[in-house]
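Coordinate analysis (summary)
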Amino acid sequence: MQQISFLINTSINELEHIKLLLNSLQLNLDNKKHEILIFIDSDTSSRDTYNYLKSVKKDFFDLKIITHKLPPCIGYSRNNNLLVELAKYDIVSYLQSDMVISPHYDTDVLNQLEPNTILSATRVEPPLHGESDKTITKNFGLYPKDFNLKEWNTYSPTVKKDKESNYFFAPLTFYKDTWLDIGGYDTLFRRSREDSDLVQRFVHSGVKLKQTFNAIVYHFTCTTSRGADWFNKQNLEAQNKIKLQEIADQIELKRFIRKWGNFNHGESKLIKYDIDLIIKNSTKLPLNFILNIEPLFSHIWLDNDNLKKDILTQLLDEHKYANKLFNFTDQQWSKTSKYHNLDNYISRILILEEDIVMDNLLQGRCNIVIDGNSIQNTDLELFKNLHIIINEYEEGNYEFGNVKINLINKIPLNNIIVKNPPFDMNLLKIE
């Protein structure tokens, strides 16, 4: 059997999930000599996860524990990229810490894997999200203490079937180079949407997305993003975290739209064009309206300095929600932000000071012009599918109601390959 590097990242309060996952790996893998890398992104002050992994390391043929010196964490996108880079085998298989594998999982994924393919196994999940044709709903417990591994091992082979779809979600198995060739996850995304961005880049680069129902895991769901007790309405701390995560999700969605001009999870190729928005009488428009359409454009040109300051105040404050969820202090974030791709908001929001500047823009760059004095609610529908419309029209000048579109030098942005900031590998400790 070809050997696999199994990749797992884990965070604070996930120890019981990791114990269960490792039990399933020990029992259910056909080959006991695969590599297992576990990245501890955050731990308790008493280092419970680290101490447990050290205590069981001898029970596995090749278990590596990865810790780091960055407080409080590195983040999901980066630590997944690091795991892929550190994997010693050509085939890697990523498992979330709140998953349990079924018997013969390594054999199953190897039988289904193809070159230039990202293979997703099928998840059995408790009834927390409703029915889906991409998952199997079956309740084996909401917490690891409720899970019966013996019953799971009897049940899970019975739901395997020769069925597949072109969908993407963890757990993933792939050839290492397929991931590295497009740069892996974009560290721009800190709390969500990193998967959808990766999928979009795979679709553009011709990588096949394949979900198989012949490889099965149990998934407790949302443990890392929302916490182990996220579904408990009586847990006020968990519910407050969900509210923060919902705000963070909306921010990540805006980041996605800044890259791709719209949103989907790989159902079709998204194309965003390099286009500016010029707003005359900009103070006549609600601030939230400008903030909502800002991600659609490369630059926003305003005619009011105070409005520019108000917009930048909102945009530059976006990281506070992720920082609160990750328990970053402002000082810690200022030191570690260099390891993330960041939106350059200051270069995006500009002041249109003279008519001659506007004339040059109209002649040289793809742009849209609106006037705060004349724009109507009916005109705003255009922005919902702006880049689809731009894609369909030839270069030229158009008017849609009170919106003027000047399609000059129509250039699609190329976002397929990500270049993340370099990471200091000396910050890692591998045991």
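Our subject is the structure that appears above.
Throughout what follows, the structure given in this document is the object of discussion. Throughout this document, residue positions are counted from 1 along each chain, in the order its sequence is written. Selection of residues for local features in this predicted model requires a pLDDT of at least 70, selection of side-chain atom pairs for listing and counting requires 80 or more, and totals for whole chains, interfaces and linings are taken over all residues. Side-chain measures here rest on the full set of heavy atoms in the structure, leaving out hydrogens and waters.

1. Overview of the overall build of the protein chain
Note the cut-off: Labels follow the DSSP assignment, with helices taken as runs of H or I lasting at least four residues and strands as runs of E lasting at least two, numbered in each case from the N terminus. Radius of gyration here is computed from C-alpha atoms only, and the compact-globule reference equals 2.2 Å multiplied by the residue count raised to the power 0.38. Exposed residues in this analysis have more than 50% of their type's maximum accessible area, buried residues have under 20%, and partly exposed residues fall in between, with area computed by a 1.4 Å probe over protein chains only. Residues are treated as being in contact if the distance between any of their heavy atoms lies within 4.5 Å. The charge count includes Lys and Arg as positive and Asp and Glu as negative, but it does not include His or the ends of the chains. Throughout, a charge is located at the NZ atom of Lys, the CZ atom of Arg, the CG atom of Asp or the CD atom of Glu.
Each helix and strand counted, the protein chain has 15 helices and 17 strands in total. Its C-alpha atoms give the protein chain a radius of gyration of 24 Å, near enough to 22 Å, the size a compact globule of 431 residues would have. Taken along its principal axes, the extent of the C-alpha atoms in the protein chain is 75 × 45 × 45 Å. Relative to its 431 residues, the protein chain shows a buried fraction of 56%. For the protein chain, the proportion of contacts with a sequence separation of at least 24, taken over those separated by at least 6, is 78%. Taking the average place of the 51 positive charges on the side chains of the protein chain and the average place of its 57 negative ones, the gap between the two points comes to 5 Å.

2. Thoughts on the pairing of strand 16 (residues 403-407)
Put simply, the test is: Each pair of strands is called paired provided DSSP finds at least two bridges between the two strands.
For strand 16, the buried fraction is high: 4 of the 5 residues fall into the buried class. With 5 bridges joining them, strand 15 (residues 396-400) and strand 16 adopt antiparallel strand pairing. Within strand 16, the position partnered with Asn397 by the bridge is Asn406.

3. Overview of the packing of aromatic side chains
To keep it simple, the criterion reads: Any two rings among Phe, Tyr and Trp, with Trp reduced to its six-membered ring, count as a pair given centres within 6.5 Å; such a pair is stacked if its planes are under 30 degrees apart, edge-to-face if over 60, and tilted if neither. By the criterion adopted, a ring carries a charge over it if an Arg CZ or a Lys NZ lies within 6 Å of its centre and within 35 degrees of its normal.
Enumeration according to the criterion identifies 24 aromatic pairs in this entry. Pairwise contacts between aromatic rings join Phe140, Phe147, Trp152, Tyr155, Tyr218 and Phe220 into one cluster. Positioned above the aromatic ring of Tyr167, the side-chain terminus of Lys134 is 5.2 Å from the ring centre. When the ring centre of Phe326 is taken as reference, the NZ or CZ atom of Arg191 above it lies at 4.8 Å.

4. Re empty space enclosed by the protein
In plain terms, the rule: Cavity and pocket criteria rest on a 1 Å grid covering protein atoms alone: a 1.4 Å probe that fits but cannot get out defines a cavity, protein on both sides within 12 Å along at least 5 of 7 lines defines an open pocket, and an atom within 4 Å of a point defines a lining residue. Grid points are joined across faces, edges and corners, and a volume is the space filled by probe spheres set on the points. Basically, the charged four are Asp, Glu, Lys and Arg, the nonpolar ten are Ala, Val, Leu, Ile, Met, Phe, Trp, Tyr, Cys and Pro, and anything else, Gly included, counts as polar.
Evaluated as defined, the whole model comprises 2 cavities of 30 Å³ or more. For the largest cavity, the full set of lining residues is Gly75, Tyr76, Ser77, Arg78, Thr187, Phe189, Arg190, Phe326 and His340. For the lining of the largest cavity, a count of residues per class yields 3 nonpolar, 4 polar and 2 charged. Of the voids in this model, the second largest cavity is the one considered here, and its volume is about 30 Å³. Surrounding the second largest cavity, Arg191, Ala248, Ile251, Glu252, Arg255, Glu318, Tyr321 and Ala322 form its lining. Mapped onto the lining of the second largest cavity, the elements with two or more residues apiece are helix 9 (236-260) and helix 12 (319-326). Of the residues contributing to the lining of the second largest cavity, the split by class is 4 nonpolar, no polar and 4 charged.

5. Digging into the sheet that holds strand 16
The cut-off we apply is this: Fitting a line to C-alpha atoms yields each axis, with helices limited to the stretch in contact; the angle taken between N-to-C directions then spans 0 to 180 degrees.
Taken in spatial order, the 6 strands line up as 13-12-11-14-16-15 in an open sheet, and their pairing is mixed. Only two strands of the sheet have a single partner each, and these edge strands are strand 13 (349-351) and strand 15. Strand-to-strand twist across the sheet, computed as the mean angle between neighbouring axes with direction ignored, equals 20°. Against the sheet, helix 11 (residues 305-316) engages strand 12 (299-302) and strand 13, with an angle of about 170° to strand 13.

6. Overview of unusual backbone geometry
Note the cis peptide between Pro71 and Pro72, where omega equals -15°. At the junction of Ala170 and Pro171, the peptide bond is cis and its omega measures out at 10° in the coordinates. Within the secondary structure, Pro171 sits in the loop between strand 8 (164-165) and strand 9 (172-175). Unusually for a residue other than glycine, Asn116 sits at a positive phi of about 55°. Within the secondary structure layout, Asn116 lies in the loop between helix 4 (105-112) and strand 6 (117-125). Notably, Asn327 is not glycine yet its phi reads approximately 65°, a positive angle.

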